[in-house]
Structure formats: C-alpha cells, structure tokens
Amino acid sequence: MRMILLVFCYSLSACSDIDYHAENYKAFSSMDKMVEQIVESLKTGDEDSMLSMLNNDALIFDLLNSSKGKDAAKTKAFLSTKQGRLSISRKEMSRKQRINAFFGSGLATQIKINKQAFKSAGFNMEKEAPYSEGLSAQIQFYRIMLDNADDKKYAYDIEVIYCKGNYHLIEAAGFLNLL
C-alpha cells in the first residue's frame, strides 16, 4: 500500500517544477494518438495540421524559464536580445519552410504513396534524456514506422517533450527514411 501511495505522489509531482500552461500547448495524452495524427497528416498531405502539432514554442519557453542552470541563464540572456529574437524567428521560419517543402514536393518525390494503404506500422523510442538539468521533463526521440503496401518500409523521425503526462511534438523530419 505504501508503494502505491509513493508512486501516486510521484506521478502527481511530475513536472511540478515547471510553470506549465496546458492551454498554450498542443499536447497528446499518448504517443499512439500523436502518431495517429501525424500519419493522418502525412497521408492526407495536411501541412497545416503538422504545423499546428509543432506549435509548442510556448512550452519550450516555459521550460527555459523554469530552468535554473548556468546554460539556461545564458540562453535567457541571449533570447532577450534583438539577435536572440531574430534567431528564434529564423528557426521558426526554417521549420515552416522545411515542412512546406516536404509536403509540397518532397513527399511525392520520395515515394509514390498509395494513400488508401498508407498506415503506421508502429513506433520506437530511439533515445530519451532530461530536457534540462533539474527539470523532470524529458526529451524523447521517436521513429515512426510507415507502410504503404508497396513492399518498402519507411521511417519518420520526430522529437517530443514528455511532461505532465502529455506528449508535445517539437520537431519533425523534412523527409522519410527508406528502410
């Protein structure tokens, strides 16, 4: 009974060290749900849906503001400068252009998708690490396995932040890997 109570208390305190504003993030309660949404976006060529899922910059800033280490302090100082804000703006524009190129022409030239047969064949966590020193949030790297019934297997790599029992997509590849 004591062990169950300890596990319950720990799960309640997960990410309690983070100023977490759920209404500002695009979150999924399970990786299965996130993968389903990503695959549907790829299947239908819905670039806007993918960009919406990637809209978690607010979470990254909240994590940064909750971080207490020297690196976090340096990053906060840099981001408060004009050059830092410009760097963030460029990164966001680069992500949008990469996803646009992938959905616009890259996906069609990489494989000839049989959209009716396109589906997930599972996913694997490739790597996991603490997001920042002193925070309970985790950054996780996943590989989504894809199949479109053409005797070839594909993979799509993503980065996720796991916090407060939710999964937040923060990065997605601009290409499919042929396995």
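### Concerning the environment of E171
- Counting through the fold element by element, E171 comes out in strand β4 (residues 166–172).
- Here the alpha-carbon distance between E171 and V160, two residues 11 residues apart in the chain, equals 7.1 Å.

### A word on the packing of aromatic side chains
- Within this structure, the stated rule accounts for five aromatic pairs.
- For the ring pair Y162 and Y167, a centre distance of 4.7 Å and an interplane angle of 45° mean the geometry is tilted.
- Among the residues examined, Y162 registers a relative accessible area of 30% and is labelled partly exposed.
- A residue is classified by how much of its surface remains accessible, and Y167, at 16% relative accessible area, is buried.
- Counting every residue linked through ring pairs, the aromatic cluster contains F102, F103 and Y156.

### Description of the nonpolar core
- Ranked by size, the top nonpolar core spans 27 residues in total, and within it I38, M50, Y156 and I158 carry the most contacts.
- Broken down by secondary-structure element, the contributors of at least two residues to this core are α2 (31–44), α3 (47–53), α6 (82–110), β2 (138–147), β3 (153–163) and β4.
- The greatest single-element share of this core, amounting to six residues, is contributed by α2.
- The residues touching M50, leaving out its near neighbours within four places in the chain, are I38, S41, L42, I99, F103, Y156, L169 and A172.

### Notes on the layout of surface pockets
- Quantified by volume, the largest pocket comes out at close to 530 Å³.
- What lines the largest pocket is a set of 22 residues, and nearest its centre among them are I60, L64, T75, K91 and Y131.
- For the lining of the largest pocket, the elements supplying multiple residues, two or more each, are α4 (57–66), α5 (70–79), α6 and β4.
- The greatest single-element share of the lining of the largest pocket, amounting to five residues, is contributed by α5.
- Considered class by class, the residues forming the lining of the largest pocket number eight nonpolar, four polar and 10 charged.

### A few points about unusual backbone geometry
- In this structure, K164 is a non-glycine residue whose phi angle is positive, near 55°.
- By the secondary structure assignment, K164 is in the loop between β3 and β4.

### Considerations on the side chain of N56
- Take N56: it is sitting in the loop between α3 and α4.
- Residue classification places N56 among the buried residues on the basis of a relative accessible area of 0%.
- At 2.9 Å, the side chain of N56 and the backbone oxygen of L169 are in polar contact.
- In contact with N56, not counting residues within four places along its chain, are Y25, K26, H168, L169 and I170.

### Concerning the pattern of salt bridges
- Inspection of every chain in the model, using the stated rule, returns five salt bridges.
- Residue K96 is joined to E92 by a salt bridge in which the shortest nitrogen-to-oxygen separation is 3.4 Å. Taken together, the residues K96 and E92, both in helix α6 and four residues apart, mark about one turn of the helix.
- With relative accessibility at 31%, the residue E92 sits in the partly exposed group.
- Between E171 and R98 there is a salt bridge; the shortest N-O distance is 2.3 Å. Here R98 lies in helix α6 and E171 lies in strand β4, a separation of 73 residues in the sequence.
- Given a relative accessible area of 18%, E171 falls into the buried group.

### Regarding α2
- With 14 residues, α2 ought to run about 20 Å at 1.5 Å a step, and its terminal C-alpha atoms sit 20 Å apart, in line with that.
- All of the buried residues in α2 are M31, M34, V35, I38, V39, S41 and L42. The buried residues of α2 all sit within an arc of 155° when viewed along its axis, so they share a single face. Facing away from the buried side of α2, by more than 90 degrees, are the exposed residues D32 and E36.
- Structurally, α2 contributes buried residues whose contacts are with α3, α6, β1 (119–130), β2, β3 and β4.
- After α2 finishes, the residue G45 shows a positive phi value of roughly 70°.

What counts and how
Residues numbered from 1 in each chain as written. Predicted model: local features only at pLDDT ≥ 70, side-chain atom pairs only at ≥ 80, totals over all residues. Heavy atoms only, no water. Helix = DSSP H or I, 4+ residues; strand = E, 2+ residues; numbered from the N terminus. Phe/Tyr/Trp six-rings, centres within 6.5 Å; stacked < 30°, edge-to-face > 60°. Buried < 20%, exposed > 50% of the residue type's maximum accessible area, 1.4 Å probe, protein only. Core = buried A, V, L, I, M, F, W, Y, C linked by side-chain atoms within 4.5 Å. Contact = heavy atoms within 4.5 Å. 1 Å grid on protein atoms, 1.4 Å probe; cavity = no way out; pocket = protein on both sides within 12 Å on 5 of 7 lines; lining within 4 Å. Points joined across faces, edges and corners; volume = space filled by probe spheres on them. Nonpolar A, V, L, I, M, F, W, Y, C, P; charged D, E, K, R; others polar. Polar contact = N/O pair within 3.5 Å; in protein donor to acceptor, adjacent residues only side chain to side chain. Salt bridge = Lys/Arg side-chain N within 4 Å of Asp/Glu carboxyl O. Expected span 1.5 Å × (residues − 1). Arc of directions from axis to C-beta.

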